[in-house]
Structure formats: C-alpha cells, structure tokens
Amino acid sequence: MTLQRPYWSDAAEITFLVVFGMVVIAFAYRAGAVVSVSIAVVALVIAIGGSWWMFKTRGWLVDPLYPAGTALVLVMVASTVTYIRTEREKRHIRGAFSMYLSPEMVERVAAHPEQLKLGGENREITVMFSDIRGFTKLSEGLDPQALTHVINAFLTPMSKLINDHSGTIDKYIGDCIMAFWNAPLDVPHHAREAVRTAVEMRRTLKRLNEQFAAEASAAGKEPVKIRAGVGLNTGIGCVGNMGSEHRIAYSALGDTVNTASRLESLSPAYFVDLVLSEETAKDAADFALLELDQVKVKGKAVPIRL
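Structural notes, computed from the coordinates. (Residues numbered from 1 in each chain as written. Predicted model: local features only at pLDDT ≥ 70, side-chain atom pairs only at ≥ 80, totals over all residues. Heavy atoms only, no water.)

With respect to the overall build of the protein
Phase 1 of the analysis: The helix and strand tally for the protein stands at 9 helices and 8 strands.
Phase 2 of the analysis: Every one of the 306 residues in the protein was classed for burial, and the buried ones make up 40%. (Helix = DSSP H or I, 4+ residues; strand = E, 2+ residues; numbered from the N terminus. Buried < 20%, exposed > 50% of the residue type's maximum accessible area, 1.4 Å probe, protein only.)

Here is the structure:
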C-alpha cells in the first residue's frame, strides 16, 4: 500500500481543532471542568482512532498529534479559567452573605450557589423584629460613647444567637434587629428555630442587664436596664437582593414582614416581651404558649390570634 497525505488533511486538522476548541470552551464555561475534560478525552479518542483507521485502511497520513497537543492546552486553559471564575463567585457570595449569616451557613451557600435565586423569590419564612423598649428615653440619659457601648453590647450577642440558629440578619434599624429564617437556604422547622432564638435572647438579655449593673456599680453610676420586645410571624414573603443601582442588600418584603413588626409593637399592651402569630405557634407546640387575644392589626381585615 502506498502511503500518502491527502490534500485536504491540513484543512481537516485545522477545522477539527477549531470546532473542538469552541466546544471545549463553551462547555467549560457552562458545565465546568469535568465535562470539558470528558469531551476532550472523547475528541482525542476520535482523532487518534480516526487517524489510525485511515492509515490502516487507506494508507492516508493524517496527523492527530498537533490537534491533540493544542487540545490539551485548550482544556488546561479552559479549566483554569473556570476554576478562577468559580472561586471568584464563591468569594463574592461569601462577602455578600458574611454579614447576614453564620460562617457555616455562608459555606453552605458558597458550596451550593445554585440554590440561590438572587433575583427574588416567594417562599415561606419566619420573620423576627426585636426592639429595645423606651430607647428614646434611654438615649437621652447617656452620652454618645455610653449609648454606643450599650447598643453594641445588645446587638452583638443577639445577632450571634440568630446566626447560631440558622437565621439571616436582614438589617439593624437603630436599636431594632430584623431577621428571618428559611432563606436563602432551607431551614427545617424554621418557626421553631425562631422561637428558640427568641427564648434564648430573653435569657441573654437578663445576663446583659446583670453585666450593666455590675459595670455601673463599679463606676458609681446609675445602672442601665434594657427591656426588649420580640415579634414573630410566619408566612409567605419575597426574599432576594433588593435596593438601587448603587446599593443592594439581601432582604425580605411583604405582608408577613409587616405583620411581624406590628406584633412586636403590640407586646407592651399585653405586658409581655414575646408575641407570636398563630402560624408561628403551630411549629412551636412543645413550648408553653398562652393565647393573648385576637386582634385586627393595621392593614388586615381578618383578626389574627396572638
């Protein structure tokens, strides 16, 4: 058999290289390095196998080494770019959520970014509002440094409790904390987790007041005593990245959020510091609960049980 190199071999090798390179790059961007490497292996088997078959049956010499070597470089470059892009996305997610979630939750979000719908979604959440009672009067009796110390001493342990119980801190509104559960990731029995958090916040506040009393006694001053109310409500809310072109935040909106805020504001009227809606109470049946009343909160036509 006479060996020969067909006139079309150069064009075939270049065409194969271009098509293969575009496919590898496209899949590396969309499907990741594992898929692109798998495609590369299949393509190399086809190239080398096809070259051998043509040599064996026709006596044609079509070089598979040049496209194979170039393909290897393309795969390495595409995989490296994909890895860098993935790590950049994880860093962005960690930075975006590190102020709202516990480190463990942040790692879960970074490991499974496909579970996020950052454009906004409706889902069941439990919303908490926790507010210091009589904050205006409290702030009038303290200088700025002392007031800052009190607020930070209150917000820090309360925020830690929320994070420890898989909650998401939405925002601080002066002396008020807004948080919610079951977003951005699922939290089983999120209403119960929110109630557990609220109960532990009450215990922590008692210890915090004892600390303030000890500090005031040592300094010969009047002690600061904080009282706080908590409102919890469970229902459908819209959660996602919200804001303007210049500033966004992961937040929750909707009637569920508004009702939680109004439940917190109702707590002084019943001389209690923790008010739950009926929907939240359904998932906290193992807690000792007392039905307070049925009220029509602002914006609601049907009374809700507290």
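A closer look at unusual backbone geometry
Phase 1 of the analysis: Residue Pro-184 follows Ala-183 across a cis peptide bond; omega there is 5 degrees.
Phase 2 of the analysis: You can see Pro-184 is positioned in the loop between strand S3 (176-181) and helix H7 (190-219).
Phase 3 of the analysis: Of note in the backbone geometry, His-189 takes a positive phi value of approximately 50 degrees without being a glycine.
Phase 4 of the analysis: With respect to the secondary-structure elements, His-189 resides in the loop between S3 and H7.
Phase 5 of the analysis: According to the relative accessible area criterion, His-189 is exposed, its value standing at 54%.
Phase 6 of the analysis: One non-glycine residue with positive phi stands out, namely Phe-271, at about 55 degrees.

Describing the pattern of salt bridges
Phase 1 of the analysis: Scanning the entire structure with this criterion turns up 10 salt bridges.
Phase 2 of the analysis: The closest approach of N and O atoms between Lys-171 and Asp-170, which form a salt bridge, is 2.7 Å.
Phase 3 of the analysis: The class of Lys-171 is partly exposed, set by a relative accessible area of 33%.
Phase 4 of the analysis: Asp-170 sits in the buried class, given a relative accessible area of 6%. (Salt bridge = Lys/Arg side-chain N within 4 Å of Asp/Glu carboxyl O.)

Section: the nonpolar core
Phase 1 of the analysis: Within the largest apolar cluster, 33 residues are counted, with the highest numbers of intra-cluster contacts made by Met-128, Phe-154, Ile-226 and Leu-232.
Phase 2 of the analysis: A per-element tally of this core places helix H6 (residues 144-164) first, with 9 residues.
Phase 3 of the analysis: Residues within four places of Leu-232 in sequence aside, it is in contact with Val-127, Met-128, Ala-194, Val-195, Ala-198, Leu-263, Leu-274, Val-275, Leu-276, Ser-277 and Thr-280.
Phase 4 of the analysis: Grouped together as the second largest cluster of nonpolar side chains are 12 residues, Val-127, Tyr-250, Ala-252 and Val-257 included. (Core = buried A, V, L, I, M, F, W, Y, C linked by side-chain atoms within 4.5 Å. Contact = heavy atoms within 4.5 Å.)

Comments concerning the pairing of strand S4 (residues 228-243)
Phase 1 of the analysis: Relative to S4, strand S1 (residues 121-132) is paired through 12 bridges, and the arrangement is antiparallel. Counted as the bridge partner of Glu-121 is Val-239 from S4. (Pairing = 2+ DSSP bridges.)

With respect to the packing of H6 against H7
Two quantities define a packed helix pair, namely the angle between the helix axes and the distance between the axes.
Phase 1 of the analysis: One can describe the packing of H6 onto H7 by two numbers: an axis separation of 10 Å at closest approach and a directional angle of 150 degrees. By the criterion of interaxial angle, the relationship of H6 to H7 is roughly antiparallel. By crossing handedness, the relation of H6 to H7 is classed as right-handed. Residues His-149, Val-150, Ala-153, Phe-154, Pro-157, Met-158, Leu-161 and Ile-162 of H6 touch H7, and the partners they reach there are Thr-197, Glu-200, Met-201, Thr-204, Leu-205, Leu-208, Phe-212 and Glu-215. (Axes fitted to C-alpha atoms, helices over the stretch in contact; angles between N-to-C directions. Parallel < 35°, antiparallel > 145°, perpendicular 65-115°, else oblique. Left-handed = near helix turned anticlockwise from the far one by under 90°.)

Considerations on the side chain of Glu-193
Phase 1 of the analysis: Within the element layout of this structure, Glu-193 appears in helix H7.
Phase 2 of the analysis: For Glu-193, the side chain forms a polar contact with the side chain of His-165, separated by 3.1 Å.
Phase 3 of the analysis: Here Glu-193 is in contact with His-165, Trp-181, Val-187 and Pro-188, once residues within four sequence places are set aside. (Polar contact = N/O pair within 3.5 Å; in protein donor to acceptor, adjacent residues only side chain to side chain.)

Describing a nonpolar patch on the surface
Phase 1 of the analysis: Taken together, the side chains of Ile-14, Val-18 and Met-22 define a hydrophobic patch exposed on the protein surface, amounting to about 310 Å² of accessible area.
Phase 2 of the analysis: Of note, Met-22 is situated in helix H1 (residues 9-30). (Patch = residues over 30% accessible without salt bridge, like charges linked within 9 Å, V, L, I, M, F, W, Y side chains within 5 Å. Areas by Shrake-Rupley, 256 points an atom, 1.4 Å probe, with all protein chains shown as cover.)

Overview of H7
Phase 1 of the analysis: Across its 30 residues, H7 extends 42 Å between first and last C-alpha, which sits within 8% of the 44 Å expected from 1.5 Å per residue.
Phase 2 of the analysis: Looking one or two residues past H7, Gly-220 carries a phi angle of roughly 70 degrees, positive in sign. (Expected span 1.5 Å × (residues − 1).)

Looking at the side chain of Asn-209
Phase 1 of the analysis: Assignment of secondary structure puts Asn-209 in helix H7.
Phase 2 of the analysis: Ignoring any residue separated from it by four or fewer positions in sequence, one finds Asn-209 in contact with Val-224, Lys-225 and Ile-226.

Examining the environment of Glu-124
Phase 1 of the analysis: Topologically, Glu-124 is positioned in strand S1.
Phase 2 of the analysis: Expressed as a C-alpha distance, the spacing of Glu-124 and Cys-238, which sit 114 residues apart in the sequence, is 8.7 Å.
Phase 3 of the analysis: Excluding anything up to four places from it in sequence, Glu-124 contacts Trp-181, Asn-182, His-190, Thr-234, Gly-235 and Ile-236.

Digging into the pairing of S1
Two faces, one strand: in a regular strand the side chains alternate between the faces of the sheet.
Phase 1 of the analysis: Counted residue by residue, S1 has 9 buried out of 12 residues, so it is predominantly covered.
Phase 2 of the analysis: Sheet analysis places S1 next to S3, joined by 5 bridges and oriented antiparallel. Across the sheet, the residue bridging to Met-128 is Ala-179, located in S3.

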